[in-house]
Amino acid sequence: MNDPVPTPAGVSPPSAASRSRFLHTTGIVALALCLSFLGLLNVATSVPLIRESLGPLVWEHRATSTTALVVTLLIALLVPIVTLGFCNRRGWLRWPLLTVLWSLVGFTFAYLMWDDAAVRRPLTVDELSPALPGDDPSYHILLRYAKNRPAAKAFQSPDAQLAVARGTGDIVSQPEKWASFLREHRAEVESGWATLAPVRAWWDELAASPRIGDLTPPSLDAPIPAFQPIRTYSHYAVAVASLQALDGHGDAAMATLMRLYTVGRKLEPNSRTLVRGMIAKVIQKMALQTAGFVLDHATVSPASRAAFAAEIASATSGPPGARRLILIEYALFQPMLSMFVGGDAAENLGGPGGKIFQRVVHVLGGIVVNPRATQNLVGDRYYQLAALAEDRRLGELEASKGPINRDFIGGYHVKNIGGRLIADMGMPAFSKVVKSYWDIDDLRTTLLTRLKG
């Protein structure tokens, strides 16, 4: 029997050499993928073409050239792979150099995943809109006409709704045209007002509530009031009040407007959403404008004047209201943002393999999105905009709209690129909303002076 041929001294067994080559090749491929990934992050933040081409996600920009975009991305992906392949064929990528390169990549990933220590500006809706005993009944009254509820689904606007809505635009600018419209369409207005009896009963319940609570949870699927019943009632209420004034019934007209205004006044201070707060403000605006029309066309008793003056004097107004208008949106958005960027992994996702996949995705996500830093980016922005709104610096507020200005809020560069994109997507434009708020506040102040004069 022949003895096995001994392996020459200094030569590794074939299996050991194969394992070494496999590990070496795997290390190079993984390194190439990591460098390509880092290259993509860098070009996304440093090359204007790429940065602007991300616009459809968050801004009003479009890619300048799709071909140039694709070429740039391919270069970012392929250069590390081609370079490492070339160096490997030359025999330069031995373990000492690979160890150094992997160390640099590891430090880079650690830096990208490093997050802020804490969320600097945690804010909940309960801080700005605390729930009080007795809020539950009024909140459920408000939601009687919530979207997808039976009452809202069954609601139909009167036939003359569009004409009345268009006509209300003349209350201030062309009051005689508004008066002429009402005289010509009295029958349609009175008929429409009659068909709104269920909505009017609902509105009277809201007006009679000591306050209108808002228990909206921070959730994308939270129930919201349907806008159409509110809008229709408001348009017909100002039309009916104007007709009452034209008929010489000034006190009755002011009483109709009082019911309209009271609901808007009670809805605003407890509102947990920006949209709901602005709906309340628009309701107030319509009542205030029409009150001026009533005073011009009818005699209003001192008692009715005093009652309406007291009502509008108690409304949310001035700098605190403007600040709250901005921050209530952040208070509702911040918990949802926290869950979105830093939420726990889902359970029962495909057993052990699914959990491993989740962890990998979570780690990769942490490289481009730092949850706490992203929340701080958004929080700082909201508080700065709230300060501008509070101080009525409308020009600066207008200049700050659009994508988050890195100089304005002291942002990052390649770090937390995904978080900055999310922050931009989560920022509404506030300039028009705040201007409307202050215009309505001026209208309230002017009418209050007139009522007391």
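Definitions and cut-offs
Residues numbered from 1 in each chain as written. Predicted model: local features only at pLDDT ≥ 70, side-chain atom pairs only at ≥ 80, totals over all residues. Heavy atoms only, no water. Helix = DSSP H or I, 4+ residues; strand = E, 2+ residues; numbered from the N terminus. Contact = heavy atoms within 4.5 Å. Areas by Shrake-Rupley, 256 points an atom, 1.4 Å probe, with all protein chains shown as cover. Buried < 20%, exposed > 50% of the residue type's maximum accessible area, 1.4 Å probe, protein only. Arc of directions from axis to C-beta. Phe/Tyr/Trp six-rings, centres within 6.5 Å; stacked < 30°, edge-to-face > 60°. Lys NZ or Arg CZ within 6 Å of the ring centre and 35° of its normal. Salt bridge = Lys/Arg side-chain N within 4 Å of Asp/Glu carboxyl O. Axes fitted to C-alpha atoms, helices over the stretch in contact; angles between N-to-C directions. Parallel < 35°, antiparallel > 145°, perpendicular 65-115°, else oblique. Nonpolar A, V, L, I, M, F, W, Y, C, P; charged D, E, K, R; others polar. Patch = residues over 30% accessible without salt bridge, like charges linked within 9 Å, V, L, I, M, F, W, Y side chains within 5 Å. Left-handed = near helix turned anticlockwise from the far one by under 90°. Core = buried A, V, L, I, M, F, W, Y, C linked by side-chain atoms within 4.5 Å.

**Student:** Sorry if this is basic, but what is going on with the overall build of the protein chain here?
**Tutor:** Helix and strand counts for the protein chain stand at 24 helices and zero strands. The contacts of the protein chain with a sequence gap of at least 6 include a subset with a gap of at least 24, amounting to 83%. Entry remark: accessible area of the protein chain is about 23500 Å², with carbon and sulfur atoms responsible for 62%.

**Student:** Where do I start with helix H7 (residues 135–142) in this structure?
**Tutor:** A turn of α-helix holds 3.6 residues, and therefore any two residues three or four places apart point the same way. Along H7, the positions that sit buried rather than exposed are Asp135, Ser138, Tyr139, Ile141 and Leu142. Projected onto a plane normal to the axis of H7, the buried residues spread over an arc of 155° and lie on a single side. Packing partners of the buried residues in H7 comprise helix H13 (197–208), helix H15 (250–267) and helix H16 (274–297).

**Student:** So what exactly am I meant to see when it comes to the packing of aromatic side chains here?
**Tutor:** In this description, an aromatic ring pair is defined by two values, namely the gap between the centres and the angle between the planes. Here the structure, examined in full by the defined rule, presents eleven aromatic pairs. Both rings, one in Tyr145 and one in Trp202, keep their centres 4.7 Å apart while their planes meet at 50°; by these two values the pair is tilted. Note that Tyr145 is positioned in the loop between H7 and helix H8 (150–154) and Trp202 in helix H13, a separation of 57 residues in sequence. Here Trp193 and Tyr233 contribute two aromatic rings whose centre-to-centre distance is 5.4 Å and whose plane-to-plane angle is 40°, an arrangement assigned as tilted. Placement of the pair is Trp193 in helix H12 (residues 186–195) and Tyr233 in helix H14 (residues 227–246), with a sequence separation of 40 residues. The exposure classification of Trp193 matches that of Tyr233, with both residues buried. Each residue in the set Tyr145, Trp193, Trp202, Trp203 and Tyr233 is aromatic and connected to the rest through ring pairs, giving one cluster. The aromatic ring of Tyr383 is capped on one face by Arg121, whose charged end is 4.4 Å from the ring centroid.

**Student:** Looking at this model, I keep getting lost on the pattern of salt bridges. Mind explaining?
**Tutor:** For side chains of opposite charge, pairing can occur when their charged atoms come near one another. This structure, assessed with the given rule, holds 21 salt bridges. The partner of Arg211 in a salt bridge is Asp135, with the nearest N and O atoms 2.7 Å apart. A residue pair is termed long-range when its members are at least 10 positions apart, and Arg211 in the loop between H13 and H14 and Asp135 in helix H7 qualify at 76 residues. A relative accessible area of 1% means that Asp135 is categorised as buried.

**Student:** So what exactly am I meant to see when it comes to the packing of H15 against helix H17 (residues 302–313) here?
**Tutor:** The description of two helices packed together rests on the angle between their axes and the distance between the axes. Running from amino to carboxyl end, H15 crosses H17 at an angle of 10°, the nearest separation of the two axes being 10 Å. The orientation of H15 with respect to H17, classified from their angle, is roughly parallel. Listed contacts from H17 to Asp251, Met254, Leu257, Met258, Tyr261, Thr262 and Arg265 of H15 are Ser304, Ala307, Phe308, Glu311 and Ile312. Tallied by class, residues from the contact of H15 with H17 come to seven nonpolar, two polar and three charged.

**Student:** Would you mind going over a nonpolar patch on the surface with me for this structure?
**Tutor:** Together, Leu74, Leu77, Leu78, Ile81 and Val82 make up an exposed nonpolar region whose accessible area comes to about 410 Å². In this structure, Val82 sits in helix H4 (residues 66–89). For Val82, a relative accessible area of 55% translates into the label exposed.

**Student:** Could you clarify how one ought to interpret the packing of H15 against H16 in this entry?
**Tutor:** Put simply, H15 and H16 touch, their axes get as near as 8 Å, and they point 165° apart. It follows from the interaxial angle that H15 and H16 lie roughly antiparallel. The way H15 lies across H16 gives a crossing that is left-handed. Contact residues: H15 offers Gly250, Ala253, Met254, Leu257, Leu260, Tyr261, Gly264, Arg265 and Leu267, while H16 offers Arg276, Ala280, Ile283, Gln284, Ala287, Leu288, Thr290, Ala291 and Val294.

**Student:** Where do I start with the nonpolar core in this structure?
**Tutor:** When a protein is soluble and globular, its nonpolar side chains tend to lie buried together. In terms of nonpolar packing, the biggest core is built from 58 residues, with Trp202, Leu257, Leu260 and Phe308 touching the most fellow members. Among residues more than four places away in sequence, those in contact with Phe308 are Met254, Leu257, Met258, Ala287, Leu288, Ala291, Leu447 and Leu451. One finds Val341, Tyr383, Ala386 and Met427 within the second-largest nonpolar core, a separate group that totals 33 residues.

**Student:** What is the right way to read unusual backbone geometry from this model?
**Tutor:** Most peptide bonds adopt trans geometry, and most residues besides glycine take a negative phi value. One non-glycine residue, Asn148, lies in the positive phi region at around 70°. Here Asn148 is to be found in the loop between H7 and H8. With a relative accessible area of 65%, Asn148 lands in the exposed category. With a phi close to 60°, Arg392 is a non-glycine residue in the positive phi region. With respect to the helices and strands, Arg392 occurs in the loop between helix H20 (371–390) and helix H21 (394–399).

By themselves, these observations are geometric and do not establish any function.
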